[in-house]
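Below, each chain spelled out in residue letters.
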Amino acid sequence: MDHFHWSAARACSRDSVSPIEGERSNRSYMDVSFRRDARSQRQHHQHLRSEAMEGRSSSSLAGRERVSASRSTRKHSCFSRHLWVSFIFLAAWFPWVDATAVTSLTPNNGPAVGSFSVTLAGETLGFQADVRVGGTVCLSTTWDNAVQLTCMISAGNTISSPVIATIGIEELGNQFIIPLVAEPRFSYDKAKLIDAAPTNGPASGLVLSTTSGVNFGVNDKTGAMRVGFTATRATMWTSDSTMSLLNADGVYQDQQIVVTLALAENTRLSSFSYDTHTPWRLVPTNSRSGGGTTMTIEGQDFGLTDTSPHVRMGGTTCMATAWLSDSTTLCKIPANTESGVTMTITNIGVLKQLPNSFTYDTPRITDYLPNNIPMEGGSRVVINGFNFGGSEYDFRAAQFGDTSCLDTIWYSDTSISCVAQRGYAQDLNAVITVARVVNKKLGFSYNMPEITAMEASNGPASGSSEILIYGHHFGVFEVTPQARIGGTLCVRTQWIAESSILCKTPSVTYDKWYFGGTKDAEVSLGAAVNVWENSFTYDMGCVGPCVVGLGCASANGASGCHGRTAGDYRHTEMERAVNYDRFAEQSVLRIIGNFTATAGDVTVGNTTMNSTLFITEQIYNGDISIIFGDLFTCEPIMPDPEAWSTVQSYLDCVMPAGAGYGHSIKVTIRNATYKALLDGCNPTMRVWGDKVWPPPPLPGGQPFGNCLSPDKVEDEFLMADDVGLTYSYDTPKLESITPEYGPNMKGQTAIITIKGTDFGGHARDVWNSRCRRSTLPACRQIFQNGIALLNTSCADIDLLFTKTRGEEIQDEISAKKVAYCRSNQTYMLKCLGAFDELSLCEQRCAFPCSLLAGQKCPEDLLRCETPLLGGSQKVSMVIGAQTSEASATFSYQRPEVHVVFPPELSAGTSSPLTVTGKNFGGYLAVEYGGRLFDEDGLVRKWNPNLIPFNESSIDWWDWAQYQTCFSASLQEGMGVTTSQQRVCDQGVVYSSQIEISTFEDSTGIFDRMVVQSPSLNFADGEVVKSVDVLAQSISQRSVVEPNNATVSFRAPCSDVNPDIGDLTSNWYMANPIPAWSARASFLAMSNIDRKIWIMGGSTQTQAEKDDVYVSQFNGATGWQRKFLDLLWWSPRVNQTGVVFEDSMFLLGGFSPINKTCYNDVWVYADSPVKQEYYGQPDTPTPSLARGEEFEPFWIRVMRNAPWEPRRRAFALNFLGKVWLLGGQTCSGRWTFDIWSTTDMRAWTVVTRNAVWRSRNGVVATVHERRMYVIGSVQDRFYNTFYTNDGVNWQQFPDSCALTKVMVQQFVSFRGYMMLFTLGCHDKEDPNQQPVDCSAPTAGRLENRIWYSRNGQSWTLSRLPYRVDTFGRAVHIAHPWSGQVDGEYRWDYRVVVHLDTLVLLGGEGRAAPQTLRGDYIRNEQGVLQFAMGKRREIYMSKGLMSIYDMCNDKKQDGMQYDDFQRAVRTTFGRKECVFPWLPQTISQASIEVVRAEVAAAIG
């Protein structure tokens, strides 16, 4: 802080001396400043010097000459910039200077206009000075002497402002500037307000007033003004004696005007008044008497703020008053009944009126409740309306007709009530009188008669039955009410009470048959009539021996005739169900007609001629036979002896179990019982029975009689064929299904249980054996059963059978998988097995009992297997050829997409996609319609036996059954869109173009579709596009899961980065014949002992090995085989290994001989510590020779790790854990799980479905603190994935794909990731990009190396080259690949060892040579090749610039000895000629490449 203050003082002081003196002062200052850190001093000095330069004067002062006033003014800017110099600084550096050395100020006040002199006196006032009053510099300052200064005061208006004198002093030859504060303070005279004009204005304000006075100042100081307590809207200074104001709104009188300048107020009392308010008009000018509505008072000068005005209507205050604006006030109108009301408004004590300006409405009736009352009166009637008055004390009166009300009560302006007196009339006036004003409303009545119930709601068609009619308002005394049935007066009507009357029913006129009918019941009382519609039913009837109908009510109180398929337990056919199942249901049928039922009087004949006979015989002794459909017998029930009134009109019988509909009735009565009835039909009646009445030629003749007897007394008398009566069992009722949803996969559909009623189980048990060979319609219907699905309910299902016998019908229906919905005219799919092996029927007991007992089949349960279909389907059923009344819904599970393979495709290409998941459905036309294909295509579209007609109704199967929708992936921020809403903008593939199948693996059963993908072309700069794959089945789509239902189209790296790289690598053969045999599929590791270990693999003669070889330090020579006296891991290939915590581990692998994959873990224990840590009590240990304390050996850490046995996996040491990634099972399936461990014993599954799923050929490495995985889609399309933590994996958003090559090895070396690949490259492309080997310009298979810094893009490195005699670089193959076009190598291993790349072994294609070194060719001169295992070892120092390979003196590719053999020259560096490079490459670009390589290595 001290240094900073010095700097500030010094910065200003430089303007006070000559340039020479200033430089000298600077040096003195620097001498003092360098007590601090030199670097910090320089920074401060430069900063302060720049600040000082801003205030430096254009000329210098010499010596101590006094400065002029103008010079002092210019210097003040420097003083003000450094006003922060504290008095602490003064005390510290100038102890002889008193900061308050100015002791007097004369005068210490003055007018605001300024321009007068003030004298400052004090001690030690220096040799020059500037003076400020407050923040204002004096007009001029004169330094009189060392004890006195004179200041010409500037204009101002502040009070008690500090006076600061800035003086110059000299010390130690340097000049300094310091501030002094005067002890007394200076004040300007206060402003004084004298007058203002104008002195009044409107309440809205905005009046411009001018005030006069003194000391307003000589410039605008933005003084504040207010009127009363309200600040003005604006204030404008004009002169020292004049200010203007724009006043705010207000309503008060005689307000003060107050001006404030420099915090000093001046007030002039009673200077301004606002205009008083004036009302103009009211809106509205009338109201209902109850008030409550809002009225607007319009006028002026109500004020711009709420001053709480008060409003009265007449002598009544408004219910509420609200100020709204300067011109509007609101009033909530009070209740009143007056007219010509005066409105009074009072505001701030001022009263204003609008006389006779308001009126109230007259009374009006709107309704009354009740509007009709009992005739005896006494009911209180509420009369509603408007303007009944605002007070209960106002005069009111009410009456109905001419009769006044009793006890009138006022409730509100809209409601009164009174008690009506006794009356008897309709449509009377209700009258109300309020304040001598009368209002009427017609429509008041006393209650009309009302029927509510009848004692008997049915009776015989012959009439004369007595019924009681119950209700209300039939009269308080007998007033001769009239009753009618069907418009016909009752034979007799008798008033009993106000609530009941008696009617003796009239008869119905009919000829031979009457089939019953429903009639209205009617009661009239004077002009009042009440009708109860359809309230009385006449029974069916007929004349003579006859059957006229079937009823559903039993005379003996049993359960009614409801046609249940289970039948009645009392029927002889139900004996087995009763005995074995405790069956106890009832099903009673009533047959209505004219026959005797017991002894008594019976009328025979017709309505014209008849006679009454007394019958002594019974018909309930087996002499009557009732059969439906020639199959189902209805067995009569003995009637109740008390039921005498109905014995001639019906009989009841019990039904057996059955099913179906339209079963014709056949009722036969034997002559032995019916003879008396026949005898009662005399000859005359019989003659009339053949005639009609009236006789011709009169129109309308009808049969007149029905006494037609059998020819012989011994014949049976058939009664029921006359009117064609039929009987139907109840249709099935479907109530629920369980489960309500299920899968839609072949062989995996749901078994559903259907609950309901009338499923016909008993009928099939009772009649199956008797009806199997029958052609009776009733028997055929027993076997017409089915359950079918359609997207809507079906009211009429055709089961599509063609056979005639019962058993044939059953077999045909069971075999067919479709039914036809007649109501919707389309085909349905049947639920399978409902009436065969999946039915719930079971044998009642074991053999031999079962032969007699039959099956127990439930009536309320069925079970079946849903067909392949999809969507939400209505389940309907057919029992006995009758379709169920209702249906339930079964929903198929929506399709699920689990895997789309390949998950990625190259941009601009289309490929078959394998979509794996569940619930894709099936090929409906093949499964259910009999469609046939052969290798040439469609053979038969539909099988006519299965789809006999209307084939077009199911053409929708071909596009709706299953399909694939390709939808462009949604971008971020596009909101949530369901899969059903997605647009198939990339195309739709229908079932005719999809191959669908079902497969099973260890994890379950799955659907699979093979479908052609769309082809996406990219715009410039695009690298990746994603398309979501949605499987659809019958309008249901799979949910979009980007991780498993998306196919990405990715640009190849050869398109994104088409240029070949400027890096290459130089390789030399380190050892052509190591000690180990040629092999492939082995494990190679660089261990912590700085040696390379070779383990297992396959050789030319052995499919699997368990040997171990170890190199010397250099990794190339000195190979020795490890021999141990203990057995270790078994022979295997493609095992993985890792060095972790100074130990070497071997994991998994595969035995080709045993066809076995392993999941064991082994550690090489090379110290007692490792033996102790990893060993178990039963771990075998090697035998030690005398004197030996320890011998290394292998320890099995785990026999069966929790991860699946595998080969080709990768184990990596990363973040203190071992991570196991990928691999291939023995079945060839690539795994996508990730496991980790910290101790090689306890393994944790990180994920079972890694992001690179559906890839094969997975390779992995650790690079730059990340784990990288490269996986292939169909071997030739590689994606790069990386992770920072081992758990969360991702791709670079715009990473390209490495295509058309096969990756062999993946390593990280010297800042680059390197991929060793095998593929064909374009021999005509200077950039040698990879192409399909079938391409016309493709070269032969060759080994190449790609490199990348981060995996986002991959660059092809150049092949090495040799320099010919002309200095030209000529490409050659990598030496480990081969020297002849067509040679290549695969299944080798590359390890990083001692900062060197080491390539070992493998398998290769090579051109054999003779002993003389000639290549072997056939007779045509074609070079011959052979496959075989390799053993050579090659080494390299990794990637290097191609421009440095000419003179590889940095040994980037060779070790020293080998380099000396290859380059035996001492000449200086030369530049090679690269004929295959663009001629535009400059030396500068070469140096850039070299720098990049150096940076990567370094």
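Calculation criteria
- Residues numbered from 1 in each chain as written.
- Predicted model: local features only at pLDDT ≥ 70, side-chain atom pairs only at ≥ 80, totals over all residues.
- Heavy atoms only, no water.
- Phe/Tyr/Trp six-rings, centres within 6.5 Å; stacked < 30°, edge-to-face > 60°.
- Buried < 20%, exposed > 50% of the residue type's maximum accessible area, 1.4 Å probe, protein only.
- Lys NZ or Arg CZ within 6 Å of the ring centre and 35° of its normal.
- Disulfide = S-S within 2.5 Å.
- Helix = DSSP H or I, 4+ residues; strand = E, 2+ residues; numbered from the N terminus.
- 1 Å grid on protein atoms, 1.4 Å probe; cavity = no way out; pocket = protein on both sides within 12 Å on 5 of 7 lines; lining within 4 Å.
- Points joined across faces, edges and corners; volume = space filled by probe spheres on them.
- Nonpolar A, V, L, I, M, F, W, Y, C, P; charged D, E, K, R; others polar.
- Core = buried A, V, L, I, M, F, W, Y, C linked by side-chain atoms within 4.5 Å.
- Contact = heavy atoms within 4.5 Å.
- pLDDT = per-residue confidence, 0-100.
- Pairing = 2+ DSSP bridges.
- Axes fitted to C-alpha atoms, helices over the stretch in contact; angles between N-to-C directions.

Following the criterion strictly, the structure yields 41 aromatic pairs and no others. Aromatic side chains Trp 1076 and Phe 1082 sit 6.1 Å apart centroid to centroid with 45 degrees between the ring planes, which places their arrangement in the tilted category. The class of Phe 1082 is buried, set by a relative accessible area of 0%. Each member of the aromatic cluster is reached from another via a ring pair, and the members are Phe 628, Phe 632, Tyr 727, Tyr 729 and Trp 767. The ring centre of Phe 999 lies 4.2 Å from the NZ or CZ of Arg 1008, which sits over that ring.

Here we take up the state of the cysteines. Within this structure, the stated rule accounts for 12 disulfides. With a sulfur-sulfur separation of 1.7 Å, Cys 490 is cross-linked through a disulfide to Cys 503. Given an S-S torsion of about -90 degrees, the disulfide between Cys 490 and Cys 503 has left-handed geometry. Pair noted here: Cys 490 is in the loop between strand 42 (488-489) and strand 43 (492-497) and Cys 503 is in strand 44 (residues 500-504), with a separation of 13 residues, a long-range link. What pairs with Cys 1157 in a disulfide is Cys 1226, and their sulfur atoms sit 2.2 Å apart. Judged by the torsion about the S-S bond (130 degrees), the Cys 1157/Cys 1226 disulfide is right-handed. Of this pair, Cys 1157 sits in strand 95 (residues 1156-1165) while Cys 1226 sits in the loop between strand 98 (1217-1221) and strand 99 (1234-1237), and the two are 69 residues apart along the sequence. The class of Cys 1157 is buried, set by a relative accessible area of 10%.

Looking at the largest pocket, its volume works out to about 1400 Å³. As for the largest pocket, its lining consists of 42 residues, and the residues nearest its centre are Phe 1210, Ala 1260, Gln 1305, Phe 1306 and Val 1390. For the lining of the largest pocket, the secondary structure elements donating two or more residues are strand 89 (1083-1086), strand 93 (1136-1140), strand 97 (1210-1214), strand 101 (1256-1263), strand 106 (1301-1309) and strand 114 (1389-1392). Among the residues making up the lining of the largest pocket, the classes are represented as 25 nonpolar, 13 polar and four charged.

Below, the discussion takes up helix 9 (residues 761-771). Here helix 9 lies mainly inside the structure; eight of its 11 residues are buried. All buried positions along helix 9 are accounted for by Gly 761, His 762, Ala 763, Arg 764, Asp 765, Val 766, Trp 767 and Cys 771.

Moving on, we come to the nonpolar core. With 54 residues, the main nonpolar core has Ile 754, Ile 787, Val 915 and Trp 957 as its most contacted residues. Once residues lying within four places of it in the same chain are set aside, the contact partners of Trp 957 are Val 818, Leu 829, Leu 924, Ala 925, Tyr 928, Gly 929, Trp 942 and Ser 991. Residues Ala 577, Leu 631, Ala 788 and Cys 821 belong to the second largest nonpolar core, which totals 43 residues.

This brings us to the confidence of the model for the protein. On average, residues of the protein score 80 in pLDDT, and 79% of them are at 70 or above. The least confident element of the protein is helix 2 (residues 19-33), whose mean pLDDT is 37; the most confident is strand 99, at 98. In this model, residues 700-706 is a region of pLDDT below 50 whose contacts with residues beyond four sequence positions or in other chains number 28 contacts. Here residues 1449-1470 scores under 50 on pLDDT; set against residues more than four positions off or in separate chains, the count is 37 contacts.

Take the sheet that holds strand 11 (residues 192-197) next. With antiparallel pairing, the four strands of this open sheet are ordered in space as 11-13-17-16. Unpaired on one side and paired on the other, strand 11 and strand 16 (234-239) mark the two borders of the sheet. Strand-to-strand twist of the sheet, defined as the mean angle between neighbouring strand axes without regard to direction, takes the value 25 degrees. In this structure, strand 16 lies alongside strand 17 (residues 242-246), joined through five bridges in antiparallel fashion. The partner of Ala 234 across the bridge, within strand 17, is Leu 246.

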